[in-house]
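Letter by letter, the chains look like this.
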Amino acid sequence: MEQRAYEVLIIGGGISGATLLYDLALHSDVESVCLIEKYDHLDPLNSNAHSNSQTLHCGDIETNYNREKADHVRHGADMMLQFVDHGSGDPSLKRNYGKMLLGVGEEEVASVQKRFASISDLYPSLIEVDADAIADIEPNVAIVDGKQRAEPIFGLYNPEGYAIDYGRVTENCVAQAQGVEDKTIDICLSTEAKKITRTDDGFEVSVNNGDTIHCKFLVVSAGTYSLHLAQTMGKGKHFSVLPISGSFYFAPEVLNGKVYTVQNPKLPFAAVHGDPDMTKAGVTRFGPTALMLPVLERFNSKTALGFMESFHFSTGTAKTLFHLMKDKDIREFIYKNIGYEIPVHGKKSFLKEVLKIVPSMKLDDLDFADHTTGVRPQLIDEKNAELLMGAAKFSDGDGVIFNMTPSPGATSAFANAAEDLVTVTKYLGRTIHQESYKDVFQVNAT
Ligand SMILES: Cc1cc2nc3c(=O)[nH]c(=O)nc-3n(C[C@H](O)[C@H](O)[C@H](O)COP(=O)(O)OP(=O)(O)OC[C@H]3O[C@@H](n4cnc5c(N)ncnc54)[C@H](O)[C@@H]3O)c2cc1C
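Here the structure is a predicted model, which means the values were calculated and not measured.

So, the overall build of the protein
Next up, step 1: Along its length, the protein carries 13 helices and 22 strands.
Next up, step 2: A compact globule built from 446 residues would reach a C-alpha radius of gyration of about 22 Å, and the protein, at 22 Å, matches this within 12%.
Next up, step 3: Taken over the C-alpha atoms alone, the protein extends approximately 70 × 50 × 35 Å along its principal axes.
Next up, step 4: For the protein, the residues scored as buried account for 49% of the 446 residues in total.
Next up, step 5: The long-range fraction of contacts in the protein, counting pairs at least 24 apart against all pairs at least 6 apart in sequence, stands at 74%.

As structure tokens, then:
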């Protein structure tokens, strides 16, 4: 049994863990960091390009974000772009696609116009587009059989839209960290944290091969697993995880950029959208679906145990679910998403969503994207009986941080890492290299 010691240990080899590793290695004087990942490669789950929508969420076309959240998300998106442009050395991590919010029918058209009035000052390149302009940008959205589609349509269009391969950003961050000389930066794959114990000078983490890793500061960025690990340490006891899996359908190339639909603002994720798949030339992806499943990883039934450990059948959870089901729109949304999973019927009913974006789409052109799926760890606050709309962090100044990261957690990864970088260095009495940080991100780490 081997014992090792580091200043900082990070659990989780997704984008949250990797961005913090990068910051600590390249932009601080922390001397030893270890990152452990339970699978045998980096970004195996939600940060992989196959598991998420590859969207850099800026808040302009996401109608589930109010102005305040849109502004907040925009800052995180800027940091991701700055990293790709000034820090990664690999411009192919991003692709520029125009993005559109599409309103279909009188009611949605009015809501899209209202959104423009309320947020346009935050997004100088965002413009309103009528049916003719939409036909120029995305002919398959506006035109059917050579004529304008029947329903009224109206959109917001931003040519400054980006897709990001968050999996490759993860790998890029880790590779750069490993390239730093005069520091100990260890990446341990196939290494699963089994037990965390607080010690006099930090933490002791027992891993699957029987080894023990000591650290002064521990950061848990384990995606859907973070809440359970936090609860084993007595943190976040009044939260339950609600895993919302998302799948996609593939279609031939029918869109030039990203086309989002109007989302119910009571739901914490973006509505079904269509966009070119960054990793597959000539393919348009539609999705994601949103299905609550009692597992922490899709197609891995063993993870049902992890779900049972971090979902509590309490009054607060029951009240939250009851309130959600009481809302007609949410109820219909939940039933619809269950329907998408039923063989044959699922594809037919998903086609209705796609027809809203591309009215000439044919059933035969849609294919369920096998194993192209991820799980969003939405949290229920049992004390206040409410579903949290975004990420959560337990950081109490006691040497450990837990990150829970539903969408848009990949977009916000560097903003989130900046917060953790400040907390970790302050706790350890270490220094952030603000100059080198600013060279990349154009802002100080705060
Ligand atoms: C369908 C879908 C669409 C999405 N679309 C977008 C989008 O377009 N834009 C966006 O910004 N965000 C999107 N998201 C959200 C985004 O994918 C996540 O917020 C982000 O990937 C979270 O990264 P992470 O590193 O925190 O978690 P993960 O990528 O899940 O990584 C956690 C890692 O921890 C490891 N781990 C877990 N337990 C242990 C343990 N005990 N020991 C060691 N390792 C462990 C796991 O194996 C995993 O590799 C989407 C998510 C889904 C599901």
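Past the structure itself, the notes keep going.
What about the nonpolar core?
Next up, step 1: Counting 83 residues, the largest nonpolar core has V8, L9, L21, V33 and M80 as the members making the most contacts within it.
Next up, step 2: The leading source of residues in this core is helix 2 (residues 67–87), at eight residues.
Next up, step 3: Not counting chain neighbours up to four residues away, the residues in contact with L21 comprise I10, V33, L35, C173, V174 and A177.
Next up, step 4: Counting residues in each nonpolar core, the second largest holds 35 residues, with M100, V141, Y249 and A251 among its members.

Notes on the site of the ligand
Next up, step 1: Residues in contact with the ligand amount to 41 residues; listed here are only the nearest, G14, G223, G246, G374 and G409.
Next up, step 2: Those elements giving two or more residues to the shell around the ligand turn out to be helix 1 (15–27) and strand 19 (367–381).

Side note on the environment of V424
Next up, step 1: With respect to the helices and strands, the residue V424 is situated in helix 12 (residues 413–428).
Next up, step 2: Spatially, the C-alpha atom of V424 lies 17 Å from that of A222, the residues being 202 residues apart in sequence.
Next up, step 3: Those residues within four positions of V424 in sequence are excluded, and the remaining contacts are V8, L24, F217 and V219.

Some words on the packing of helix 2 against helix 12
In a pair of packed helices, the angle between the axes and the distance between the axes together describe the arrangement.
Next up, step 1: At a minimum axis separation of 7 Å, helix 2 and helix 12 run at an interaxial angle of 95°. By the criterion of interaxial angle, the relationship of helix 2 to helix 12 is roughly perpendicular. Residue-level inspection shows H75, G76, M79, M80 and F83 of helix 2 in contact with helix 12, the latter providing A413, F414 and A415.
Next up, step 2: Residues of the contact of helix 2 with helix 12, tallied by class, amount to six nonpolar, two polar and no charged.

Notes on the packing of helix 1 against helix 12
Next up, step 1: Running from N to C, helix 1 and helix 12 point in directions that differ by 50°, and their axes come no closer than 9 Å. Classified by the angle their axes make, helix 1 and helix 12 are oblique. Where helix 1 crosses over helix 12, the two elements pack in a sense that is right-handed. Facing helix 1, whose interface residues are I15, S16, T19, L20, D23 and L24, helix 12 presents A413, F414, N416, A417, A418, D420, L421 and V424.

Parameters at a glance
- Residues numbered from 1 in each chain as written.
- Predicted model: local features only at pLDDT ≥ 70, side-chain atom pairs only at ≥ 80, totals over all residues.
- Helix = DSSP H or I, 4+ residues; strand = E, 2+ residues; numbered from the N terminus.
- Rg over C-alpha atoms; globule rule 2.2 N^0.38 Å.
- Buried ≥ 20, exposed ≤ 12 C-beta atoms within 10 Å, placed from the backbone.
- Contact = placed C-beta atoms within 7 Å.
- Core = buried A, V, L, I, M, F, W, Y, C linked by C-beta atoms within 7 Å.
- Near = placed C-beta within 6 Å.
- Axes fitted to C-alpha atoms, helices over the stretch in contact; angles between N-to-C directions.
- Parallel < 35°, antiparallel > 145°, perpendicular 65-115°, else oblique.
- Nonpolar A, V, L, I, M, F, W, Y, C, P; charged D, E, K, R; others polar.
- Left-handed = near helix turned anticlockwise from the far one by under 90°.

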